[in-house]
Each structure stands twice: as structure tokens, then as C-alpha cells.
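Listed here are the chains, written in short residue letters.
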Amino acid sequence: SQTIHQWPATLVQPVGSPLSLECTVEGTSNPNLYWYRQAAGRGLQLLFYSVGIGQISSEVPQNLSASRPQDRQFILSSKKLLLSDSGFYLCAWRAGTSTTEAFFGQGTRLTVV
Amino acid sequence: GQQVMQIPQYQHVQEGEDFTTYCNSSTTLSNIQWYKQRPGGHPVFLIQLVKSGEVKKQKRLTFQFGEAKKNSSLHITATQTTDVGTYFCAGRAQKLVFGQGTRLTINP
């Protein structure tokens, strides 16, 4: 069966520090991968999505970046965090068609202080 | 930018009352999905609608897809405390863009 792992679960980082969140999927190949951010009590903002290795589409211009070095690995990064980067970050995957459900990781709650 | 609009943003009901959330798109959707996110949790898939005018039911939940495939609704009959959470619609093919969600709270 397929599983998605996202870590860490919580993270407190100072302003200006770098960020690296990792997401891996097991039990499937060539998944579509997604990074979302959710501010407290708000909706899901699509940040990046990827349909294949090295293929990254950015939805929101900001100081975040994403990479997909391997088929089932999706990494969200920042060189210098801002206070406004605080939020709940969710990774998701689904099979490579638009008619399949998405499966989410447990999320990372990031607080920038 | 976001092209899937969802209303209302919040809804508070008494237990036993009905609840409805609406999703609207500016363009035709090939399909629409609904997810539920419990407080502190991650979104979990509920259902997908594909056909124009489609109606699907899951116990007390009724999902509809509009004839023009630009809008959808989720209706919960006789809410229970276990229904608390945020309900999202999602569409837009590969991008999987979510609506803003409707946060449902229930007074027991």
C-alpha cells in the first residue's frame, strides 16, 4: 500500500534561518506531488506541484523553493525564513491523472520567531 | 491564482441542524473532489464527482455537481459533533487547487 511521510511534525525557526522540509512517498511510482501552506484557520494555498523528477511548477512567488531530486521525494526549502512563512505545511501525492484522490501527509507546523 | 471559490467561510450550527457548503468555479471543471479536515489534522478525501448533474450520497452527506460543471455543493443532514471540521472542494486538473474551505462548528 502507498504511504506518505512528512517530517518534522513541528518546527520552530528564527527569522532569517534556512528551512528544509522533506516529503517521501512509498508504494507508488511517478506520483504527482504537491506542497500546500495553510495559515491558521484558513484555506489550503498551493505552493508547488510536480509531475516528474526535476519538474516543478511554482504557484506563488515568494522566498520558498521546491525540488524533486528523486521520483518519490519532494523537498520544500527556504534560504531565509520570514515571519510570514509561519503556517501548516502539507505535502500531498496522487497518481498521475487528474481524476484520482490526493493523499496528504500529517503536515509540519512551522513557527517562525 | 485561486479560481475555485467556496462559501460560506464559516458556519456554526446546532447539533441536528443541516449544513450546506457551496463551491463555484469561473471555468468548467472536468471533475470536483471534496475533502474534510478535522481540527489539527490533514485533509482526507471524501468523494469525487465527474458527470454533469451528478448526485452522490454518503450516509448523511449529499454531494452535487452542477449541470454546467462549474459549481458543486455538499449538504449534511442532521449534523453530529463528529461532522466538525473544514470542508474543502478541489478542482483544476493537475494543479489540484482547493477552495478556501468552510469551517463547520457545532453546538451540542
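Heads up: the structure comes first, above all this text.
Right, let's walk through the structure included here. (Residues numbered from 1 in each chain as written. Chains lettered and ligands numbered in written order. Predicted model: local features only at pLDDT ≥ 70, side-chain atom pairs only at ≥ 80, totals over all residues. Heavy atoms only, no water.)

**With respect to the overall build of chain A**
Counting its secondary structure elements, chain A contains zero helices and 11 strands. If you list the helices and strands of chain A from N to C, you get β-β-β-β-β-β-β-β-β-β-β. A principal-axis box enclosing the C-alpha atoms of chain A has dimensions of 40 × 25 × 20 Å. Here chain A holds 113 residues, and 47% of them are scored as buried. Within chain A, counting contacts between residues at least 6 apart in sequence, those at least 24 apart form 55% of the total. Approximately 5,200 Å² of chain A is accessible, and the part contributed by carbon and sulfur atoms is 53%. Computing the positive centroid from 8 side-chain charges and the negative centroid from 6, chain A places the two 8 Å apart. (Helix = DSSP H or I, 4+ residues; strand = E, 2+ residues; numbered from the N terminus. Buried < 20%, exposed > 50% of the residue type's maximum accessible area, 1.4 Å probe, protein only. Contact = heavy atoms within 4.5 Å. Areas by Shrake-Rupley, 256 points an atom, 1.4 Å probe, with all protein chains shown as cover. Lys, Arg positive; Asp, Glu negative; His and termini not counted. Charge placed at Lys NZ, Arg CZ, Asp CG, Glu CD.)

**Things to note about the packing of aromatic side chains**
Here the structure, examined in full by the defined rule, presents 12 aromatic pairs over all chains. Ring geometry for A:Tyr36 versus B:Phe98: centroids 5.3 Å apart, planes at 90°, classification edge-to-face. Of this pair, A:Tyr36 sits in strand E4 (residues 32–38) while B:Phe98 sits in strand E10 (residues 97–98), on two different chains. Residues A:Tyr36 and B:Phe98 agree in their burial class; the two are buried. Judged by centre distance (5.1 Å) and plane angle (20°), the rings of A:Trp93 and A:Phe103 are stacked. Of this pair, A:Trp93 sits in strand E9 (residues 87–94) while A:Phe103 is found in strand E10 (residues 103–104), placing the two residues 10 residues apart along the sequence. According to the relative accessible area criterion, A:Trp93 is buried, its value standing at 5%. Judged by relative accessible area, which is 34%, A:Phe103 ranks as partly exposed. Among the aromatic residues, those joined into a cluster by ring pairs are A:Tyr34, A:Tyr36, A:Tyr49, A:Phe104, B:Tyr35, B:Phe45, B:Phe88 and B:Phe98. (Phe/Tyr/Trp six-rings, centres within 6.5 Å; stacked < 30°, edge-to-face > 60°.)

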